[in-house]
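In case you want the letters, here they are:
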Amino acid sequence: LYGGVQRLSGRRVIEDEALSAKVLKLSTGALNFYYSANDVDISPMAQLVNDFSDTLRDQGIAYLYIAAPQKIQAGKEEELLPPGIQEYSNRNADTFLTLLRQHGTDAYDLRPLFSSQDNYENWFFRTDHHWKPEAAFYAWQNVAQVLSARYGIETDPQFLQETNYQKRVYKD
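Quantities reported herein were computed from a predicted structural model and do not represent experimental measurements.

Draft legend 1. Spatial organisation of the overall build of the protein chain. Scanning the protein chain from N- to C-terminus turns up six helices and five strands. Starting at the N terminus, the α and β elements of the protein chain follow one another as α-β-β-β-α-β-α-α-β-α-α. Of all 172 residues assigned to the protein chain, the portion counted as buried reaches 33%. Restricting the contact set of the protein chain to residue pairs at least 6 apart, pairs at least 24 apart contribute 55%.

Draft legend 2. Local environment of helix α2 (residues 43–58). Here α2 is 16 residues long and its end C-alpha atoms lie 22 Å apart, about the 22 Å a rise of 1.5 Å per residue gives. Every buried residue belonging to α2 is among Ala46, Val49, Asn50, Ser53 and Leu56, and all of these are buried. Buried positions in α2, seen along its axis, are confined to an arc of 120 degrees and lie on one side of it. Away from its buried face, by an angle of more than 90 degrees, α2 presents the exposed residues Leu48 and Asp58. Buried residues along α2 sit against β4 (65–67) and α4 (89–103). At the C-terminal side of α2, Gly60 shows a positive phi close to 75 degrees.

Draft legend 3. Fine view of the pattern of salt bridges. Considering all chains together, one arrives at five salt bridges under this definition. Close ionic contact of Arg111 with Asp109 constitutes a salt bridge, the shortest N to O distance being 2.8 Å. Arg111 gets classed as buried once you look at its relative accessible area, which sits at 6%. The class of Asp109 is buried, set by a relative accessible area of 15%. A salt bridge links Glu134 to Lys167, with the shortest nitrogen-to-oxygen separation between them at 2.9 Å. Here Glu134 is found in helix α6 (residues 133–151), whereas its partner Lys167 is found in the segment after α6, with 33 residues between them in sequence.

Draft legend 4. Main features of the packing of aromatic side chains. Applying the stated criterion to the full structure yields eight aromatic pairs. Summarising the aromatic geometry, the rings of Phe137 and Tyr165 are spaced 5.4 Å apart at their centres and angled 70 degrees between planes, so their arrangement reads as edge-to-face. Placement of the pair is Phe137 in helix α6 and Tyr165 in the segment after α6, with a sequence separation of 28 residues. Clustering of aromatic rings is evident, with ring pairs tying together Phe114, Trp123, Trp131 and Tyr138.

Draft legend 5. View of the pairing of strand β3 (residues 31–34). By the alternation rule, side chains of β3 split into Asn32 and Tyr34, which are all buried, and Leu31 and Phe33, of which none is buried. With four bridges joining them, strand β2 (residues 22–25) and β3 adopt antiparallel strand pairing. Paired with Lys22 across the bridge in β3 is Tyr34. Hairpin connection from β2 to β3: five residues lie between these consecutive antiparallel strands, with Gly29 at a positive phi of about 95 degrees.

Draft legend 6. Summary view of the nonpolar core. Grouped together as the largest cluster of nonpolar side chains are 14 residues, with contacts concentrated most on Tyr108, Leu110, Leu113, Phe114 and Trp123. Mapped by element, the contributors of at least two residues to this core are α5 (111–115) and α6. Top contributing element to this core by residue count: α6, with six residues. The contact partners of Leu113, leaving out residues within four places of it in the chain, are Tyr108, Tyr138 and Asn142.

Draft legend 7. Main features of α4. Taking 1.5 Å of rise per residue, 15 residues should cover 21 Å, and α4 covers 21 Å from first to last C-alpha, within 8% of that figure. Residues of α4 that are buried in the fold lie against α2, β4, α3 (77–80), β5 (107–109) and α5. Note on α4: the residue one or two positions beyond its end, Gly104, has a positive phi of about 105 degrees.

Each value, and the rule that gives it
Residues numbered from 1 in each chain as written. Predicted model: local features only at pLDDT ≥ 70, side-chain atom pairs only at ≥ 80, totals over all residues. Heavy atoms only, no water. Helix = DSSP H or I, 4+ residues; strand = E, 2+ residues; numbered from the N terminus. Buried < 20%, exposed > 50% of the residue type's maximum accessible area, 1.4 Å probe, protein only. Contact = heavy atoms within 4.5 Å. Expected span 1.5 Å × (residues − 1). Arc of directions from axis to C-beta. Salt bridge = Lys/Arg side-chain N within 4 Å of Asp/Glu carboxyl O. Phe/Tyr/Trp six-rings, centres within 6.5 Å; stacked < 30°, edge-to-face > 60°. Pairing = 2+ DSSP bridges. Core = buried A, V, L, I, M, F, W, Y, C linked by side-chain atoms within 4.5 Å.

Right, dumping it as structure tokens:
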């Protein structure tokens, strides 16, 4: 009922019942969570990841940080967001990755891979921020290539072929 009233009134920023976040209606009609925190200093978080990577490296264990795409595509914030809303997720991700790489922590950013596809918004469910299964599989196929190239970790090719899986779509 609450969502219906918000929809009828044309609101694009809706308070979530948890009050820790808001729900935005993007210009595409899709919904996404929004945390109204300002741009934050993410260097302490990057330092924790770098420390973890160092600890693993000291034990002879490779570590790869993988940055996941956000529903709000980098460079499209102004086009997608309601007027007056600032969103810092991609900027913070860029800074975070820079801090990891400057330290020597291996990182792979999936955002450019997803952005190179014409159907970026179709990788995500319309009503929340999660990837569709096809997006996760596409990401896995590419991560498997990175693991092979950087670490020599090979994946049995049968697990990378979409035709080796059954796909079942349930009608509403």
